[in-house]
Protein chains: 4
Amino acid sequence: MSTPFDSSGRVDPKAIASNTSRWIARGVRGVVALGSNGEAPLLDETESDAVVAAARDAVPRDRVLLAGTGRESTPMTIAASKRAAALGADALLVRTPSYFKPRMTPDAFVAHYSAVADAVRVPILLYNYPAVTGLTLTPDTVRRLAQHPNIIGIKETSVDAAQIASYVDATQDQDFAVLAGSAPSFFTALGLGAKGAILAAACIVPAACVALFDAFTRGDLITARDLQRRILPIANAVTSGYGVPGLKAALDLTGYVGGAPRMPLLPAAPDAAAAIRNALTPVGEYL
Amino acid sequence: MSTPFDSSGRVDPKAIASNTSRWIARGVRGVVALGSNGEAPLLDETESDAVVAAARDAVPRDRVLLAGTGRESTPMTIAASKRAAALGADALLVRTPSYFKPRMTPDAFVAHYSAVADAVRVPILLYNYPAVTGLTLTPDTVRRLAQHPNIIGIKETSVDAAQIASYVDATQDQDFAVLAGSAPSFFTALGLGAKGAILAAACIVPAACVALFDAFTRGDLITARDLQRRILPIANAVTSGYGVPGLKAALDLTGYVGGAPRMPLLPAAPDAAAAIRNALTPVGEYL
Amino acid sequence: MSTPFDSSGRVDPKAIASNTSRWIARGVRGVVALGSNGEAPLLDETESDAVVAAARDAVPRDRVLLAGTGRESTPMTIAASKRAAALGADALLVRTPSYFKPRMTPDAFVAHYSAVADAVRVPILLYNYPAVTGLTLTPDTVRRLAQHPNIIGIKETSVDAAQIASYVDATQDQDFAVLAGSAPSFFTALGLGAKGAILAAACIVPAACVALFDAFTRGDLITARDLQRRILPIANAVTSGYGVPGLKAALDLTGYVGGAPRMPLLPAAPDAAAAIRNALTPVGEYL
Amino acid sequence: MSTPFDSSGRVDPKAIASNTSRWIARGVRGVVALGSNGEAPLLDETESDAVVAAARDAVPRDRVLLAGTGRESTPMTIAASKRAAALGADALLVRTPSYFKPRMTPDAFVAHYSAVADAVRVPILLYNYPAVTGLTLTPDTVRRLAQHPNIIGIKETSVDAAQIASYVDATQDQDFAVLAGSAPSFFTALGLGAKGAILAAACIVPAACVALFDAFTRGDLITARDLQRRILPIANAVTSGYGVPGLKAALDLTGYVGGAPRMPLLPAAPDAAAAIRNALTPVGEYL
């Protein structure tokens, strides 16, 4: 989920509630608060807690609330994870620390994630996002971490089919979910053994994403592939093309509360709205 | 196909014949002479012609012989393409020139490929291999080139599911084949609309690659996915792990003629043979 | 400066005082608190303030105290900058935000830095560190920002001689200091017009760094070049080779307080100490 | 040197003669035939020989003629090197092979260059050009190769000051010349111990490059640094900005024979001429 701000730039819990209830009504299985597209790195700790609290109020107990709690340091990640768990998050999405890139060896990642998973009771999902972090978890690192009873899955935000396949293969004897984190590889990932997806595009066309997943699950690959084709332009316009400002502009265009991003993000340029509107036309039924 | 050399380092047409007849017997639909794994960049023009001639002798007329004819300059590419066509190649695989990277704009690629496709009568396949060239053809460039009546497809050698999907979508109103060029994305690519694959792994486990394709085509995705998993370790060991020297070592281990690579390639280290042998065990029935 | 932690992992103000007084005695012109090698991204806001306060106590008024205050969001950067200024920092070193890479356009950087420079009274230095952020400030962006009366310089942490020359040239009609941020380019940068340097190596061999600068300034290039050669192995061992953990191990080896890094950083491997000791031998007189 | 083609696209020996005699008159110490900016990768073997022969006719015996003879395979590199030596080249510039990147280990480079240096009597210079090849020679590889009596130097085409310093340091006990290969790092490289430079910019402003070198050599760093600043816009416009087509346009603008590049290179866009003309204005006296 996107994080809406009010006109003073403060987190807006009412908008979180209204957006979330519409996503839930469209059939999404759960919601991620404080992901990258939720501008998590731009919020302070107090604001982060407010977002989780508001999301928890809005997500019914039969759906899943994930909270992003990755920080650069292990102690700060643990602290954020404990607070999110206390606020009712069902599971935590923990992005790889990445500032000190050459030091982020497999052993460092195993030590970091094990310390976090040991410290909280709610389950942990790894979050691998190479385009942002400049790092990637190796399949062997994921295999090692999947053996921790409190680490239950990974969000892989890339379009690398080999990586997704490798994660699935490396964890196939564990109860471990590989989730697609990037709309262009949603169908592909399911074909390779992923169990679901966490997608910014689902903020805009939640019903299309749900329909793709359901079609794939019942073996209707032609429908799934067709939906994949239709989602792709949305993903390209919003995520690759215009990023968080584009996502918020798209939300505004589709009746959700989008609003302005926080600086240093600048609002989407005026031409973005036209491009996004074009991309929305063929998926109008899924908004 | 790999290019075998005799003990003096000369192209060995007899070994080409024996290897090729076994691949054909395993059911492959065609053979590529002078691809990357055929050490094409290490052969001079006379040797290149000898490889195409030997391959043409060995590939029956009901299978396809592709010849790699990409060179850095357009005139040299045209010259190589005419010679390969005269020697009987059914189609030509033309790698993107890449030395002058910043100059290789979409317009430069369109001009280059159009000039080649105008100059020969046999059809052309584009060949995109970002890991080697540091460049990638944009979907729009492929769309433009797909309109040329003599450009019939593309080999995409990457694991980028989004790229494969984009090529399929950009050319869906043309008679144009997107082919997977990388074993880890074979199953994925078929799911996204690719019409086949050109794979170094097929030199080692041709029957597995053919079986995967056939299973996918008849809708048996479970078998196809299972074969994908079994092919992956071969691809990892041979292509990613040890490259051309590993491929040649694997050929030697499986009863084909592999032999030494040409310098500056060094023979695979002794430990490669053990690693490759391990990777071969679970696919023994498909050699 | 490195940030020392006590045995419970808490910021250790006494160790900050003892380290700093020795650096000052060696002749350094100033100290940076909360740089990358100070593990700034691993500290929470309260700890960050404690480091600045301790450094201010230790740095005499006739030397310069810089404080790193870059955060991912503009409001958090402003808040941290105001606090550091209130604690007595003479100038602020503000790293480029980088999480949302494709959105970090020149206009976004200009808006971000202008907002920060407008909000505080102490002067601002830009901080460009492409290896960590995956982004780089263009010379034209630096030229635009150099026109702000409260932006007085840039720390360029790379070995790109062309970039340093371009920054110098882009700002030559302003009162603006380009500072080398990477020991291997210290001598080079001075030759291209840089006015100084901020170097992790100066934690270990402060007297050598000061001597190099002084030799260059008085025109003794042979001595300066010789010192550059002698500093290089230290820089390679500590920064490139072992990073923050290596820096801390080197501090321990040379009589400063180094100590353990904070997780996810792991302590330097045992072999690092031997390698660092070797690199220290030829510069023993400058410790 | 650039390689001029006549109106039919054939190598033009007369234009080589006239260009070269003017460069020689401007004081350059030598000329490189068949470098990257000579479009070497676009010429066939017969054309390559014609260029070396024409250059040898034009370069007086008291200046140096270097010929580029790097090919992807070791045997082809040796063959080209022998032919260039027979045609009178004083030394050979041998670019790293790069097609099979992951196989190009230090050992493979040492074997390749040693084989070439063993096979010819004229001396060899290594040629490292990471932006084109995606590879870089490590300082230790250069140190090993510098011990070969027939390997006398390296052209380093990058702006990485640390790399240049490392090469100088790794070979300081050998009779080995590190040469700058990129105009933006010319002054820097001299300061770090380089013994000269091979620069495309010297095709346009030969007298400025010679004057910079001479000023540096006699210790007049202020003049050298000033010339560096004045050369930079030329280098940026020609090499980084417009590449080979820009270099040829600049030659046409300054009274040399430039002409059209060979496909797949396209002629410089019309706006390039204006940009290049602007860059030439402040260096008119050095053309």
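Our subject is the structure that appears above.
Residues numbered from 1 in each chain as written. Chains lettered and ligands numbered in written order. Predicted model: local features only at pLDDT ≥ 70, side-chain atom pairs only at ≥ 80, totals over all residues. Heavy atoms only, no water.

Student: What should I look at first to understand the overall build of chain A in this one?
Tutor: Per the secondary structure count, chain A includes 11 helices and seven strands. On C-alpha atoms alone, chain A measures out to a radius of gyration of 18 Å, which is about the 19 Å that the 2.2 N^0.38 rule sets for 287 residues. Summarising its shape, the C-alpha atoms of chain A cover approximately 45 × 45 × 35 Å along the three principal directions. When each of the 287 residues of chain A is scored for burial, the buried share is 61%. For chain A, contacts bridging at least 24 residues in sequence account for 69% of all contacts bridging at least 6. Charge-centre separation for chain A: the mean point of 26 positive side chains lies 2 Å from the mean point of 25 negative side chains. (Helix = DSSP H or I, 4+ residues; strand = E, 2+ residues; numbered from the N terminus. Rg over C-alpha atoms; globule rule 2.2 N^0.38 Å. Buried < 20%, exposed > 50% of the residue type's maximum accessible area, 1.4 Å probe, protein only. Contact = heavy atoms within 4.5 Å. Lys, Arg positive; Asp, Glu negative; His and termini not counted. Charge placed at Lys NZ, Arg CZ, Asp CG, Glu CD.)

Student: Sorry, what's going on with the relation of the copies chain C and chain D here?
Tutor: For the pair of chain copies, the relating operation is a rotation around an axis with a shift along it. Turning chain C through 180° and shifting it by 0.0 Å along the axis lays it on chain D, with an RMSD of 0.0 Å. With respect to symmetry, the two chain copies, as superposed, fit the operation of a two-fold axis. (Least-squares fit on C-alpha atoms with pLDDT ≥ 70 in both.)

Student: Just to check I follow, could you spell out helix H1 (residues 13-25) of chain D for this structure?
Tutor: Two residues of an α-helix separated by three or four positions point the same way, owing to the 3.6 residues in each turn. All names here are of chain D. Taking 1.5 Å of rise per residue, the 13 residues of H1 would be expected to cover 18 Å, and the 18 Å separating its terminal C-alpha atoms lies within 8% of that figure. Buried residues of H1: Ala15, Ile16, Asn19, Thr20, Arg22, Trp23 and Ile24, and no others. For H1, the elements touching its buried residues are strand E1 (30-33), helix H2 (45-58), helix H9 (206-217) and helix H10 (221-253). Between the side-chain oxygen at the start of H1 and the backbone nitrogen of Lys14 there is a gap of 3.1 Å, and the oxygen is on Asp12. (Expected span 1.5 Å × (residues − 1). Polar contact = N/O pair within 3.5 Å; in protein donor to acceptor, adjacent residues only side chain to side chain.)

Student: Would you mind going over the sheet that holds strand E1 (residues 30-33) of chain B with me for this structure?
Tutor: The strands that make up a sheet pair up through hydrogen bonds in the backbone, lying either parallel or antiparallel. Residue and element names in this part refer to chain B. One open sheet accounts for seven strands, arranged E1-E2-E3-E4-E5-E6-E7; its pairing is parallel. Bordering the open sheet on either side are E1 and strand E7 (196-197), each of which pairs with just one other strand. Across five bridges, the pairing between strand E4 (residues 124-128) and strand E5 (residues 151-156) is parallel. Note on E5: the bridge partner recorded for Asn128 is Glu156. Across the sheet, helix H2 (residues 45-58) lies against E1 and strand E2 (64-68), angled at about 175° from E2, the strand it touches most. (Pairing = 2+ DSSP bridges. Axes fitted to C-alpha atoms, helices over the stretch in contact; angles between N-to-C directions.)

Student: For this particular structure, what's the right way to read the sheet that holds strand E6 (residues 177-180) of chain C?
Tutor: All names here are of chain C. Pairing within the open sheet is parallel, and its seven strands lie in the order E1-E2-E3-E4-E5-E6-E7. At either end of the open sheet lies a strand with only one pairing partner, and these are strand E1 (30-33) and strand E7 (196-197). Taken together, the three bridges between strand E2 (residues 64-68) and strand E3 (residues 91-95) define a ladder with parallel strand orientation. Paired with Gly68 across the two strands is Leu93, which belongs to E3.

Student: What is the right way to look at the side chain of A:Glu156 in this model?
Tutor: Residue and element names in this part refer to chain A. Its location among the elements puts Glu156 in strand E5 (residues 151-156). No salt bridge forms around the buried Glu156; measuring N to O, its nearest opposite-charge neighbour Lys155 is 9.9 Å away. Filtering out sequence-adjacent residues up to four positions away, Glu156 remains in contact with Asn128, Gln163, Ile164, Tyr167, Leu179, Ala180, Gly181 and Ser182. (Salt bridge = Lys/Arg side-chain N within 4 Å of Asp/Glu carboxyl O.)

Student: Explain the arrangement of the chains here, please?
Tutor: There is a gap between chain B and chain C: no contact, and a shortest C-alpha distance of 18 Å. A gap remains between chain A and chain D, which never touch, and the nearest two C-alpha atoms on either side lie 18 Å apart.

Student: Can you walk me through unusual backbone geometry in this structure?
Tutor: The phi torsion of most residues other than glycine is negative, and most of the peptide bonds are trans. All names here are of chain A. The omega angle of the peptide bond from Met263 to Pro264 is 15°, so this bond is cis rather than trans. Relative to the assigned elements, Pro264 resides in the loop between helix H10 (221-253) and helix H11 (270-280). Of note, Glu39 is a non-glycine position whose phi angle comes to about 55°, a positive value. Within the element layout of this structure, Glu39 appears in the loop between strand E1 (30-33) and helix H2 (45-58).

Student: How should the relation of the copies chain C and chain A be read in this particular structure?
Tutor: At an RMSD of 0.0 Å, chain C and chain A line up after a rotation of 180° and a shift of 0.0 Å along the axis. A symmetric contact is evident, with 97% of the interface residues of chain C recurring at the interface of chain A.

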